Amino acid sequence: LTRARVAAFGAHGRRLMVFAKPAEYPLDWVRKAWTCPDEALIMLHGLDAYACAAFLSLCVRLAAFCCLLSCCCLLPAYYYAAREVSAQYEDSTARQRAAFTRVTLGAVATDTDRARADGAAWVAVLGAWVLALVVYAAVRDRYRRYRDARLEWLLRGDPDWPREASYTVLLQHLPPALRDDRSLAAHLETLFPGEVARARVIAPRKEDRGRCVDA
């Protein structure tokens, strides 16, 4: 199927065949997934597959950034400003729970060291703003890429679909003289010479005919 799609695109699609070949060695799919351009993904697998892969890629990028932000900024700030873990825990589970709680914003010692608490709070606020800006920029960039890819797909078409399907127009309230395929096609040909590929009239069902007339 992939070879048929590449052949349908002609010379422009043959250079993308390198991304359609099976993996040549273990974990080769990682390299291909990392280096595969958006154009190759759209041409080889279609716009829907590209949208799904782009959404998963966006989620992975945002999750990785959240982990990096937490490990490098938030967790050290919370740990630095938190209360000391008491050594009176006899249960190891309780001790581990207390140690884990220490790296959260709720464990910041506001009653003992106000300067450290203020610093941890400002780090949390700045981290939230940075995360919001990064999410906004990533979603905006991905939306613009999808918008441009969809417009290009509508103009170029898909080899598995009739090209006319991208330019289908619905006409309603036709006069009785134009309610058959041949009459409508002849009328549209006089209005748009050589620009109409096909005209098809679909009559409403009997149970819907009354509602269509009333509408």
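Data block above holds the structure.
### Quick look at the overall build of the protein
Turning to step 1, where the next piece is worked out: When helices and strands are counted, the protein shows 9 helices and 0 strands.
Turning to step 2, where the next piece is worked out: Counting from the amino terminus, the protein carries its helices and strands in the arrangement α-α-α-α-α-α-α-α-α.
Turning to step 3, where the next piece is worked out: Counting across all 215 residues of the protein, residues that qualify as buried make up 22%.
Turning to step 4, where the next piece is worked out: A separation threshold of at least 6 residues defines the contact pool for the protein, and within that pool the share at least 24 residues apart is 56%.

### Re the packing of helix H4 (residues 38-45) against helix H5 (residues 47-81)
Turning to step 1, where the next piece is worked out: Where H4 meets H5, the closest approach of the two axes is 7 Å, and the angle between their N-to-C directions is 135 degrees. On the basis of the axis angle, H4 is oblique to H5. For the pair H4 and H5, the contacting residues are Asp38, Leu41, Ile42 and His45 in the first and Leu47, Ala49, Tyr50 and Ala53 in the second.
Turning to step 2, where the next piece is worked out: Its residues assigned to classes, the contact of H4 with H5 shows 6 nonpolar, 1 polar and 1 charged.

### Points about the environment of Leu184
Turning to step 1, where the next piece is worked out: Looking at where Leu184 falls in the secondary structure, it is placed in helix H8 (residues 181-191).
Turning to step 2, where the next piece is worked out: Through-space distance from the C-alpha of Leu184 to that of Arg198 is 9.5 Å; in sequence the pair is 14 residues apart.

### Overview of unusual backbone geometry
Turning to step 1, where the next piece is worked out: Residue His173 is not a glycine yet carries a positive backbone phi of 55 degrees.
Turning to step 2, where the next piece is worked out: Among the structural elements, His173 can be located in the loop between helix H7 (114-156) and H8.

### Remarks on the pattern of salt bridges
Turning to step 1, where the next piece is worked out: Applying the stated criterion to the full structure yields 4 salt bridges.
Turning to step 2, where the next piece is worked out: With a shortest N-O distance of 3.3 Å, Asp148 and Arg147 are connected by a salt bridge.
Turning to step 3, where the next piece is worked out: A single salt-bridge network, built from bridges that share partners, covers Asp38, Asp141, Arg142 and Arg145.

### Observations concerning the nonpolar core
Turning to step 1, where the next piece is worked out: Counting residues in each nonpolar core, the largest one holds 7 residues, listed as Leu74, Tyr78, Ala81, Val108, Ala117, Ala120 and Ala124.
Turning to step 2, where the next piece is worked out: Elements supplying a minimum of two residues to this core: H5 and H7.
Turning to step 3, where the next piece is worked out: With near-sequence residues (within four places) excluded, Ala120 lies in contact with Ala77, Tyr78, Ala81, Leu105 and Val108.
Turning to step 4, where the next piece is worked out: If you look at the next biggest cluster of nonpolar residues, it comprises 5 residues, including Ile42, Leu47, Tyr50 and Trp153.

### Some words on the environment of Arg102
Turning to step 1, where the next piece is worked out: Here Arg102 lies in the loop between helix H6 (92-101) and H7.
Turning to step 2, where the next piece is worked out: Linking Arg102 and Tyr78, residues 24 residues apart in sequence, is a C-alpha distance of 7.1 Å.

### Some details on the side chain of Arg142
Turning to step 1, where the next piece is worked out: For Arg142, the position within the fold is in helix H7.
Turning to step 2, where the next piece is worked out: A residue is classified by how much of its surface remains accessible, and Arg142, at 12% relative accessible area, is buried.
Turning to step 3, where the next piece is worked out: In contact with Arg142, other than residues within four places in its own chain, are Asp38, Tyr50, Ala54, Ser57 and Arg61.

What counts and how
- Numbers given for residues are sequential positions, taken from 1 along each chain in its written order.
- For this predicted model, a pLDDT threshold of at least 70 governs which residues receive local features, and a threshold of 80 or more governs which side-chain atom pairs are given and counted, while totals over whole chains, interfaces and linings are taken from all residues.
- To obtain the side-chain values, all non-hydrogen atoms of the structure were included, while hydrogens and water were left out.
- Strands here are runs of E lasting at least two residues and helices are runs of H or I lasting at least four, both read from the DSSP assignment and numbered beginning at the N terminus.
- Relative accessibility under 20% of the residue-type maximum defines a buried residue, over 50% an exposed one, and the middle range a partly exposed one, all with a 1.4 Å probe and only protein chains included.
- Contacts are assigned to residue pairs with any non-hydrogen atoms lying within 4.5 Å of each other.
- Only C-alpha atoms enter the line fits that serve as axes; for helices the fit covers just the stretch in contact. Angles between N-to-C directions range over 0 to 180 degrees.
- Orientation categories follow fixed angle ranges, with anything under 35 degrees roughly parallel, anything over 145 roughly antiparallel, 65 to 115 roughly perpendicular, and all other angles oblique.
- Charged means Asp, Glu, Lys or Arg here, nonpolar means Ala, Val, Leu, Ile, Met, Phe, Trp, Tyr, Cys or Pro, and polar covers whatever is left, Gly included.
- Note on definitions: salt bridges are taken to be side-chain nitrogens of Lys or Arg within 4 Å of carboxyl oxygens of Asp or Glu.
- The definition of a nonpolar core used throughout is a set of buried Ala, Val, Leu, Ile, Met, Phe, Trp, Tyr and Cys residues joined through side-chain atoms within 4.5 Å.

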